[in-house]
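Chain by chain, the residues:
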Amino acid sequence: SALAFISNFRFAKDEGYFAIDSMSKMLLHTWSLSVEWQFYVIYPILLWALNKVFNLKAIKIAVVILFIISIGFVLRFDGQKYYYMLYTRAWELLAGAIVFLFPIKYLLNLPLNSKRILEFIGLILIVSIFVRNNNDIWTAIIVIPSIIGTMLIINLASEKSILSNSIFQYLGKISYSLYIYHWLVL
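Residues numbered from 1 in each chain as written. Predicted model: local features only at pLDDT ≥ 70, side-chain atom pairs only at ≥ 80, totals over all residues. Heavy atoms only, no water.

Trainee: Can you tell me about the overall build of the chain, naming the residues and giving the values?
Mentor: Check the secondary structure of the chain and you find 8 helices and 0 strands. Secondary structure elements in the chain, listed N-terminal to C-terminal, are α-α-α-α-α-α-α-α. For the chain, the proportion of its 186 residues judged to be buried stands at 34%. Put simply, of all contacts in the chain between residues at least 6 apart along the chain, 72% involve residues at least 24 apart. Of the roughly 11900 Å² of accessible surface on the chain, 71% is carried by carbon and sulfur atoms. (Helix = DSSP H or I, 4+ residues; strand = E, 2+ residues; numbered from the N terminus. Buried < 20%, exposed > 50% of the residue type's maximum accessible area, 1.4 Å probe, protein only. Contact = heavy atoms within 4.5 Å. Areas by Shrake-Rupley, 256 points an atom, 1.4 Å probe, with all protein chains shown as cover.)

Structure below.
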């Protein structure tokens, strides 16, 4: 299932990601790769099909509607079973699409000091996901601040970002590899 990028369906049948027995599942982390691949295959096809029928304004509206539907699913069905599914995770990926489709041009023209303050706020929102009780089940409410922080930083598109230092650049370069191997090492 990991090689076919459908392991999220397999793991959705088991206990949750944070369950005690999850430590014995060596490929558990592949659920998120499966969700990403499913999104990256379906989303372009959907955009292509929408483009055949609708104009850009309607496509933008469709992306926002998909975002709202996905977040509606996760708010309605919060819990471990839905942790692994594309329809409850698409909103997180569609957040990037929304930043692209609806850039806040005002942010690009801000002075550097203002951008730095907003970027710092974005970083605080991103790391806020770590300030939670370990017993908390994954919920959209826990994730929303991190997604908003990420959207803010991406929208700022600052060339003189506090994230552009060599340490953050190095961590960014190795982060995917760390993700792929972290579960196996753990």
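Trainee: Explain unusual backbone geometry to me, and be specific about the residues and the numbers.
Mentor: A positive phi angle is found at Phe5, which is not glycine, with a value near 60°. Within the secondary structure, Phe5 sits in the segment before α1 (7-12).

Trainee: Quick rundown of helix α6 (residues 112-127)? Include the residues and the values.
Mentor: The first and last C-alpha atoms of α6 sit 22 Å apart over 16 residues, in line with the 22 Å expected at 1.5 Å per residue. Where α6 is concerned, the buried positions are Lys115, Glu119 and Gly122. Along α6, the residues classed as buried sweep out an arc of 55° about the axis, all on the same side. α6 presents Asn113 and Ile117 as exposed residues on the side facing more than 90 degrees away from its buried surface. Residues of α6 that are buried make contact with α5 (105-108) and α7 (140-156). (Expected span 1.5 Å × (residues − 1). Arc of directions from axis to C-beta.)

Trainee: An account of the packing of aromatic side chains is needed here, citing residue identities and associated values.
Mentor: What the rule picks out here adds up to 9 aromatic pairs. Relative to Tyr84, the ring of Trp31 lies with its centre 5.5 Å away and its plane at 85°, an arrangement referred to as edge-to-face. One end of the pair, Trp31, is in helix α2 (residues 30-53); the other, Tyr84, is in the loop between α3 (56-76) and α4 (86-101), and 53 residues separate them in sequence. Across this residue pair, the class does not change: Trp31 and Tyr84 are buried. Aromatic side chains Phe39 and Tyr40 sit 5.6 Å apart centroid to centroid with 75° between the ring planes, which places their arrangement in the edge-to-face category. Phe39 sits in the buried class, given a relative accessible area of 8%. (Phe/Tyr/Trp six-rings, centres within 6.5 Å; stacked < 30°, edge-to-face > 60°.)

Trainee: An account of the pattern of salt bridges is needed here, citing residue identities and associated values.
Mentor: All chains considered together, the criterion is met by 1 salt bridge. Note that Arg89 and Glu92 form a salt bridge whose closest N and O atoms lie 3.0 Å from each other. A residue pair is termed a helical-turn pair when its members lie 3 or 4 positions apart in one helix, as Arg89 and Glu92 do in helix α4 at 3 residues. One exposure class covers both Arg89 and Glu92, and it is buried. (Salt bridge = Lys/Arg side-chain N within 4 Å of Asp/Glu carboxyl O.)

Trainee: Explain the side chain of Thr88 residue by residue, including any values.
Mentor: In this structure, Thr88 sits in helix α4. Among the residues examined, Thr88 registers a relative accessible area of 0% and is labelled buried. Of the polar contacts made by the side chain of Thr88, one reaches the backbone oxygen of Met85; its length is 3.0 Å. (Polar contact = N/O pair within 3.5 Å; in protein donor to acceptor, adjacent residues only side chain to side chain.)

Trainee: Quick rundown of the nonpolar core? Include the residues and the values.
Mentor: Of all hydrophobic cores here, the largest spans 25 residues; its most connected members are Trp31, Tyr43, Val63, Phe67, Tyr84, Trp91 and Leu94. Secondary-structure elements contributing two or more residues to this core are α1, α2, α3, α4 and α7. When residues in this core are grouped by element, the largest group, 8 residues, is from α4. (Core = buried A, V, L, I, M, F, W, Y, C linked by side-chain atoms within 4.5 Å.)

As far as function goes, none of this settles anything; it's purely spatial.
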